[in-house]
Amino acid sequence: MTSRLIRLTRLPAAERSVLLEAIVALIGAGLLLRLMTFKRLAPRLGRHMGESPERLDPGPAETAGRIQWAVETAARHLPWKPVCFPQAIAAKWMLGRRRIASTLYLGLDPNADYDAHAWVRAGALIVTGGPRRGHTIVSSFA
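Now for a description of the structure that goes with this document.

Rules of the game
- Residues numbered from 1 in each chain as written.
- Predicted model: local features only at pLDDT ≥ 70, side-chain atom pairs only at ≥ 80, totals over all residues.
- Heavy atoms only, no water.
- Phe/Tyr/Trp six-rings, centres within 6.5 Å; stacked < 30°, edge-to-face > 60°.
- Helix = DSSP H or I, 4+ residues; strand = E, 2+ residues; numbered from the N terminus.
- Buried < 20%, exposed > 50% of the residue type's maximum accessible area, 1.4 Å probe, protein only.
- Pairing = 2+ DSSP bridges.
- Axes fitted to C-alpha atoms, helices over the stretch in contact; angles between N-to-C directions.
- Contact = heavy atoms within 4.5 Å.

**A word on the packing of aromatic side chains**
When we look at a pair of aromatic rings, we describe it by the centre distance and by the angle of the planes.
Point 1. Per the counting criterion, the structure on display carries three aromatic pairs.
Point 2. With 6.3 Å between their ring centres and 40 degrees between their planes, Phe 38 and Phe 85 make a pair best called tilted. Taken together, the residues Phe 38 in helix H3 (residues 38–41) and Phe 85 in helix H5 (residues 84–97) connect sequence positions 47 residues apart.
Point 3. A ring pair is formed by Tyr 105 and Trp 119, whose centres lie 5.5 Å apart and whose planes are at 25 degrees; its orientation type is stacked. A residue pair is termed long-range when its members are at least 10 positions apart, and Tyr 105 in strand E1 (residues 103–109) and Trp 119 in strand E2 (residues 115–122) qualify at 14 residues.
Point 4. Assessed through its relative accessible area of 6%, Tyr 105 is described here as buried.
Point 5. For Trp 119, a relative accessible area of 3% puts it in the buried group.

Dropping the structure here:
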């Protein structure tokens, strides 16, 4: 734990800031998923069955890549290992704060006992997760 804190303090300020934001967003997403029904959470995710543009300008695309790194890194180092849905929610919120259009997808695999998966796309970049073979998109939020 101490070595992780030391590495965090050695990061450049911009990276440290986005990583700390990802940690807070993952904590918040996890709490909301435990305390709130999906019906109440869904409107906070964006326009239901919407799609964001498949193209981003270079600046927002670079920022989306930084968010991708931060969410993946934070999720990997948190003690409870957030799964795909809280990661997707955290990334969607972080992108939204920067006014970067994105789409959060929810998918199911009917051949794998209805295994569920969530991922986020911003432009052409898959920010978290990613579509899985066999998963059918059942909902999206843009």
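**Remarks on the sheet that holds strand E4 (residues 136–141)**
Point 1. If you walk across this open sheet you meet the four strands as E3-E2-E1-E4, and the pairing is antiparallel. Both edges of this open sheet fall to strand E3 (125–128) and E4, since each of them pairs with a single strand only. Along the sheet, successive strands turn relative to each other by an average axial angle of 35 degrees, direction set aside.
Point 2. The strands touched by helix H4 (residues 58–77) are E2 and E3; relative to E3, the strand with the most contacts, the crossing angle is about 30 degrees.
Point 3. Across the face of the sheet, H5 comes into contact with E1, E2, E3 and E4 while running at roughly 20 degrees to E2.

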